[in-house]
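Examination of the molecular architecture
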Amino acid sequence: MGNIKVDFSNTNIKLEDIMEYENEIKTIHKNLHEKANDEKEFLGWLELPTNYDKEEFERIKKVAERIKSDSEIFLCIGIGGSYLGARAVIEALTHTFYNYEKRNTPQILYAGNNLSPNYINDIIDVIGDKNISVNVISKSGTTTEPAIAFRIFREFLENKYGVEEARKRIYCTTDKEKGALKKLADEEGYECFVIPDNVGGRYSVLTAVGLLPIAVAGIDIDKLMLGAKIAQDKYVDNNLKYNECYKYAVVRNILYKNNKDIEILANYEPKMHYLTEWWKQLFRRKRRKRFKRYFPSRS
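One structure accompanies this document, and this report is about it. Counting restarts for each chain, with residues numbered from 1 along the sequence as it is written. Note on the predicted model: pLDDT of at least 70 is required for a residue's local features to be given, and 80 or more for side-chain atom pairs to be given and counted; whole-chain, interface and lining totals, by contrast, use all residues. Side-chain metrics rest on all non-hydrogen atoms present in the structure, leaving aside hydrogens and water.

1. Regarding the sheet that holds strand β1 (residues 73-77)
Threshold: DSSP bridges decide pairing: two strands pair if at least two such bridges lie between them. Helix and strand definitions follow DSSP, with helices as H or I runs of at least four residues and strands as E runs of at least two, each counted in order from the N terminus. Here, axes are lines fitted to C-alpha atoms. For helices the fit covers the stretch in contact, and angles between N-to-C directions go from 0 to 180 degrees. The contact rule is simple, with two residues in contact once any of their heavy atoms fall within 4.5 Å.
A sheet is described by the order of its strands in space; here 5 strands give the open sequence β2-β1-β3-β4-β5, paired in parallel fashion. Every interior strand has two partners, whereas the edge strands, β2 (107-111) and β5 (191-194), have only one. Each strand of the sheet is rotated relative to its neighbour by a mean of 20°, with strand direction disregarded. Two elements, β1 and β2, share 5 bridges in a ladder whose sense is parallel. Within the sheet, the bridge partner assigned to C76 lies in β2 and is Y110. Its contacts with the sheet place helix α3 (residues 54-70) against β1, β3 (132-137), β4 (170-174) and β5, and it is angled at close to 135° to β5.

Spelled out as structure tokens, the structure:
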């Protein structure tokens, strides 16, 4: 991530045009980082590579080893940010045909991102007699698609293993103290991981939301966090001339101001397909509102 460059040579934008935003960027940078721990702002992702729960991180690694030892399939139940980030990382950093290889880590399957009964039945067919663990990921526990999928696979596990053994194979990633899923997890004794209050779902890949599935897939999450820390150190620079993230934001703002509001993200690597899907979710929602919020004088 430290080698990303913004190439605006095919636009009529010059570096001096970008640098006109220098003071605004410094103000925005200051405001963003001052609010990183404000639960209402959901900006905790800015400092996740350094400001994360180290004890939970170690527990994630231990649980991942347990799942790898007792499960042939790991089913992630979630929608949107509750699964896209993890899937993007797993598919980018593993074999293209990960789920078809003979390996010592479980197949990773995903549910709760649609309402198709055919999809659910196909997952059940794939599971067959294989041992399975389930990770249900939801802040509230009431989002329709994952709630329905969890209900189905909870019953599936209980029928397959009995209630007590099923409880040992269900892992919940949810709010630290409230919500329907948290209440159920406490009642049933499911092992729980926390979605931090100040991190929005689509930005949660470096929390237990993403780290548990990623670790189960055999990816070294210590190295992942180290890489994220390197990126954090690089992009925490408030100097517009050298920070490619801010440079990109300014270029986009200038283009928006000139009514160039269609952007195409394309890649030609199949392993990066879900990175593109994740990007679409991260980027598209309320982007005009966000630009107007942070660049009110330029909108």
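2. What about the pairing of β5?
Examined bridge by bridge, β4 and β5 share 4 bridges and lie parallel to one another. When the sheet's bridge partners are listed, C172 is paired in β5 with C192.

3. Regarding helix α10 (residues 221-235)
Rules: Expected helix span is computed as 1.5 Å times (number of residues minus one). Any residue under 20% of the maximum accessible area for its type is buried, any over 50% is exposed, and the rest in between are partly exposed; the area is computed with a 1.4 Å probe on protein chains only. An arc is given here, and it is the one of the directions from the helix axis to the C-beta atoms. By the criterion applied in these results, polar contacts are pairs of N or O atoms within 3.5 Å in which, for protein atoms, one can donate a hydrogen and the other can accept it, and in which residues neighboring in sequence qualify only through two side-chain atoms.
The terminal C-alpha atoms of α10, which comprises 15 residues, lie 21 Å apart, in line with the 21 Å expected from a rise of 1.5 Å per residue. Within the sequence span of α10, burial applies to I221, L224, M225, A228, A231, Q232 and Y235. Along the long axis of α10, the arc covered by the buried residues comes to 115°, so they all point the same way. Exposed side chains of α10 directed beyond 90 degrees from the buried face belong to K223, L226 and I230. Elements that come into contact with the buried residues of α10 comprise α3, α4 (84-93), α9 (208-216) and α11 (244-257). The N-cap of α10, judged by a side-chain oxygen 2.9 Å from the amide nitrogen of D222 a few residues on, is D220.

4. A closer look at the packing of α3 against α10
Remark: α3 packs on α10, axes separated minimally by 11 Å, with the N-to-C direction vectors making an angle of 145°. Contact with α3, carried on its side by F57, I60 and K61, involves I221, D222 and M225 of α10 and no other residues of that element.

5. Some points on the pattern of salt bridges
Note the following rule: Within this document, salt bridges are pairs made up of a side-chain nitrogen of Lys or Arg and a carboxyl oxygen of Asp or Glu, the two lying within 4 Å of each other.
Applying the stated rule across the entire model yields 25 salt bridges. Residues E244 and K247 are paired through a salt bridge, measuring 3.2 Å at the closest nitrogen-oxygen approach. With a gap of 3 residues between them, E244 and K247 both fall in helix α11, about one helical turn apart. Residues participating in the shared-partner salt-bridge network are K139, D175, K176, K178 and D197.

6. Observations regarding α9
For α9, the tally of buried residues reaches 9 of 9 residues, placing the bulk of the element in the interior. Among the residues of α9, A208, V209, G210, L211, L212, P213, I214, A215 and V216 are the ones counted as buried. With its phi angle positive at about 90°, G218 sits one or two positions after the end of α9.

7. Examining the pairing of β4
Put simply, the rule reads: A clockwise path from the first strand over the helix to the second, with the strands pointing away from the viewer, defines a right-handed crossover.
Extensive coverage of β4 is indicated by the burial of 5 of its 5 residues. Of the strand pairs in this sheet, β3 and β4 are connected by 4 bridges, and their pairing is parallel. Bridge pairing in β4 links V136 to C172. Handedness of the crossover joining β4 and β5 through helix α8 (residues 180-188): right-handed.

8. Remarks on the packing of aromatic side chains
Short version of the rule: Planes of paired rings set the category: under 30 degrees apart is stacked, over 60 is edge-to-face and the rest tilted, where pairs are Phe, Tyr or Trp rings (Trp by its six-membered ring) whose centres lie within 6.5 Å.
Going through the model one piece at a time under the given rule, you end up with 6 aromatic pairs. Plain terms: the ring middles of Y83 and Y110 are 5.7 Å apart, the flat faces sit at 50° to each other, and that makes the pair tilted. Of the two residues, Y83 sits in the loop between β1 and α4 while Y110 sits in strand β2, which places them 27 residues apart along the sequence. Its relative accessible area of 11% is what places Y83 among the buried residues. Ring geometry for F150 against Y190: centres 6.4 Å apart, planes inclined by 80°, an arrangement best described as edge-to-face. Of the two residues, F150 is situated in helix α6 (residues 144-161) and Y190 in the loop between α8 and β5; the sequence distance between them amounts to 40 residues. Relative accessible area serves as the criterion here: at 6%, F150 is assigned to the buried category.

9. Some thoughts on unusual backbone geometry
Negative phi values dominate among residues other than glycine, just as trans dominates among peptide bonds. Of note, the phi angle at F42 is positive, near 55°, even though the residue is not glycine. If you trace the backbone, F42 turns up in the loop between α2 (22-34) and α3. For F42, a relative accessible area of 41% translates into the label partly exposed.

10. Some details on the nonpolar core
Rules: For the purposes of this section, nonpolar cores are sets of buried Ala, Val, Leu, Ile, Met, Phe, Trp, Tyr and Cys residues that join through side-chain atoms within 4.5 Å.
Judged by nonpolar contacts, the single largest core of 36 residues is most densely connected at I108, L212 and I214. Contributing elements (two or more residues each) for this core: α3, β1, α4, β2, α9, α10 and α12 (273-284). Among the elements that line this core, the one with the most residues is α9, at 6 residues. For L212, the residues in contact, after removing those within four places along its chain, are I60, V63, A64, I67, F74, N135, Y171 and F193. Within the second largest apolar cluster, 24 residues are counted, among which are I73, A166, I170 and A185.

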